[in-house]
Amino acid sequence: MKLSAVERFAIALLLALLGASFVAGLSARPKPATAGYHLLKTIALPPAPGGDEYYDYISLDPEARRVYVSHGTEVVVLDADNYSVVGKIEGLSRCHGVAIAKDLGKGFISDGGGPNAKVQEVVFFDLKTLKVTGKVSTNQIDTDAIIYEPVTKHVFTFNGDSHNSTVIDPEKQAVITNIDLVGKVEFPAVDGKGMIYDNNPEKNDVVAIDARTNTVKVRWPTAPEGAPTSMAMDQKTRRLFSGGRGPQFVVMMDADNGKVLQSYPISGGVDANTFDPGTGLLFVSTREGMLHIYHEDSPDKLSEVETLKTAYGAKTSQVDPKTHRVFLSTSDFNPPAAPTERQPHPLPTAKPGNFRVLVYGR
């Protein structure tokens, strides 16, 4: 069939457009989101009972619109939208983290301290009433980070000075076993498919734990990052984000083979990473009072977006996936004590009565 000049031109133009679209599709990459985060609100909270100004992890229940803030002998529960105090869970010793199990209607608090602490346990509470419903002793020094694993429906605590993880059956309210992790442990992440990943700052690696068998599956080095401490995960792309204290880096790792794909230097005293799947933003908070923000452009590329000056001590954080606001906690501080042989580099101590939650957003 013979085509007219007009028809030949139309076909050539269509092919050119299709070719250009194909090339553009190959080269296109999502660009880093413009953050523009700034301080929206400062929520001042009164001293916790007992007068010991201590604080640790922040947890968030996006559906119930609740923010759980650890604060010494209590967990303060805030409304995620209007920032009012909706309740408290009191009578604790020195709480660290809160894990939420929506399918069980329960929450879990890790409550423990150092070698001389009398309490090393997990406190159970009802998500609706915030009333304590039970306690399980771990008998492990420094019962610290805590996480709920949804496949096994088990609770895992990560006991820093004990170098292990305690596995708890929340229905039976009983310890199942302790997993030896060979070295000091820090904050974990779950993939929602039965695997747990935990930082090990003594061994400079990430430990992959099979929650079904309660065994260590593999260990991966985190170089150039050292002393890995903070952890978050993008479950969709299966990427881990680990932050370290020395050398001070945040790294993006493949959760299937442990390959370090990207790394960036960060400020000192990192303690929390939190990932927002809606925006692809990763937030890294440090004791120095810096909030480092990155964007996951693709499963293989992490880009810097901005770094904010927050407040000294604002090292723990959590992002709200609904509003994309970030919650941090801190206090005012006393000067550090004089150096000793046992503690050559003492840190400033928090002043009672100055505890506050900082809310950042766009």
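Residues numbered from 1 in each chain as written. Predicted model: local features only at pLDDT ≥ 70, side-chain atom pairs only at ≥ 80, totals over all residues. Heavy atoms only, no water.

The final tally for this structure, using the stated rule, is 18 salt bridges. For aspartate 81, the salt bridge identified is with arginine 65, shortest N-O distance 2.9 Å. Of this pair, aspartate 81 sits in the loop between strand E4 (74–79) and strand E5 (85–89) while arginine 65 sits in the loop between strand E2 (55–61) and strand E3 (66–71), and the two are 16 residues apart along the sequence. A relative accessible area of 11% means that arginine 65 is categorised as buried. (Salt bridge = Lys/Arg side-chain N within 4 Å of Asp/Glu carboxyl O. Helix = DSSP H or I, 4+ residues; strand = E, 2+ residues; numbered from the N terminus. Buried < 20%, exposed > 50% of the residue type's maximum accessible area, 1.4 Å probe, protein only.)

What follows is about the pairing of E3. Across the six residues of E3, six count as buried, placing the element largely inside the fold. Burial along E3 is two-sided: the residues Arg66, Tyr68 and Ser70 and Val67, Val69 and His71 are all buried. In the sheet, E2 pairs with E3 via five bridges, with the strands oriented antiparallel. Residue pairing across strands places isoleucine 58 opposite valine 69, the latter belonging to E3. The loop that links E2 with its antiparallel partner E3 comprises four residues; one of these, arginine 65, has a positive phi angle of about 60 degrees. Where E3 lies against E4, six bridges are found, and the strand directions are antiparallel. In the strand pairing of E4, valine 67 is matched with leucine 78. Where E3 hands over to E4, the hairpin turn is made up of two residues, of which glycine 72 adopts a positive phi near 65 degrees. (Pairing = 2+ DSSP bridges.)

Right, let's talk about the layout of surface pockets for a bit. The computed volume of the largest pocket comes to approximately 1400 Å³. What lines the largest pocket is a set of 43 residues, and nearest its centre among them are Tyr54, Arg94, Arg287, Lys315 and Leu347. The element contributing the most residues to the lining of the largest pocket is E2, with three residues. Of the residues that constitute the lining of the largest pocket, the class distribution is 15 nonpolar, 12 polar and 16 charged. Of the voids in this model, the second largest pocket is the one considered here, and its volume is about 1200 Å³. If you go around the second largest pocket, you meet 38 residues; those closest to its centre are Leu60, Ile147, Val190, Gln235 and Gln318. Taken together, the elements giving at least two residues each to the lining of the second largest pocket come down to E2, strand E6 (95–101), strand E10 (143–149), strand E14 (188–190), strand E18 (228–234), strand E22 (270–276) and strand E26 (316–319). Per-element tally for the lining of the second largest pocket: the top contributor is E22, with six residues. Taken together, the residues of the lining of the second largest pocket sort by class into 23 nonpolar, nine polar and six charged. (1 Å grid on protein atoms, 1.4 Å probe; cavity = no way out; pocket = protein on both sides within 12 Å on 5 of 7 lines; lining within 4 Å. Points joined across faces, edges and corners; volume = space filled by probe spheres on them. Nonpolar A, V, L, I, M, F, W, Y, C, P; charged D, E, K, R; others polar.)

Quick look at the environment of proline 46 now. Looking at where proline 46 falls in the secondary structure, it is placed in the loop between strand E1 (38–44) and E2. Since its relative accessible area comes to 46%, proline 46 is described here as partly exposed. On a C-alpha basis, the gap between proline 46 and phenylalanine 355 in space is 7.0 Å, while along the polypeptide they are 309 residues apart. In this structure proline 46 touches His71, Glu74 and Lys88, once residues within four positions along its chain are discounted. (Contact = heavy atoms within 4.5 Å.)

This part covers the packing of aromatic side chains. Scanning the model with the defined rule gives 11 aromatic pairs in all. With centroids separated by 6.2 Å and ring planes inclined at 20 degrees, the aromatic side chains of tyrosine 197 and tryptophan 220 adopt a geometry described as stacked. Pair noted here: tyrosine 197 is in strand E15 (residues 195–200) and tryptophan 220 is in strand E17 (residues 215–221), with a separation of 23 residues, a long-range link. According to the relative accessible area criterion, tyrosine 197 is buried, its value standing at 1%. (Phe/Tyr/Trp six-rings, centres within 6.5 Å; stacked < 30°, edge-to-face > 60°.)

Mapped onto the fold, serine 70 is located in strand E3. For serine 70, a relative accessible area of 1% corresponds to the buried category. A distance of 3.3 Å separates a polar side-chain atom of serine 70 from the backbone oxygen of histidine 96. (Polar contact = N/O pair within 3.5 Å; in protein donor to acceptor, adjacent residues only side chain to side chain.)

This part is about the confidence of the model for the chain. For the chain, per-residue confidence averages 91 on the pLDDT scale, and 91% of positions sit at 70 or higher. Note on residues 5–29: pLDDT is under 50 here. Beyond four places in sequence and across chains, it has two contacts. (pLDDT = per-residue confidence, 0-100.)

Ranked by internal contacts, the top residues of the largest apolar core, which has 15 residues, are Ile43, Leu45, Val67, Val69, Leu78, Phe327 and Val357. For this core, the elements supplying multiple residues, two or more each, are E2, E3, E4 and strand E28 (356–361). With three residues, the single largest contributor to this core is E2. (Core = buried A, V, L, I, M, F, W, Y, C linked by side-chain atoms within 4.5 Å.)

So, about the sheet that holds E2. The strands making up a sheet associate through hydrogen bonds between their backbones, and the pairing can be parallel or antiparallel. Taken together, the four strands give an open sheet; going across it, the order is E2-E3-E4-E5, and neighbouring strands pair in antiparallel fashion. Taken across any chain shown, the strands that pair with only one partner, and hence form the sheet edges, are E2 and E5. Ignoring which end each strand starts from, the neighbouring axes of this sheet average 20 degrees apart. As defined by bridge partners, E4 adjoins E5 across four bridges and the pair is classed as antiparallel. Considered in E5, the bridge of leucine 78 is made with valine 85. (Axes fitted to C-alpha atoms, helices over the stretch in contact; angles between N-to-C directions.)

A separate point is the environment of histidine 96. Mapped onto the elements of the fold, histidine 96 is located in strand E6. For histidine 96, a relative accessible area of 4% translates into the label buried. Note: C-alpha distance between histidine 96 and lysine 172 (76 residues apart in sequence) is 23 Å. Residues within four places of histidine 96 in sequence aside, it is in contact with Tyr54, Asp56, Tyr57, Ser70, Ser110, Gly112, Gly113, Thr143 and Asp144. At 3.3 Å, the side chain of histidine 96 forms a polar contact with the side chain of aspartate 144.

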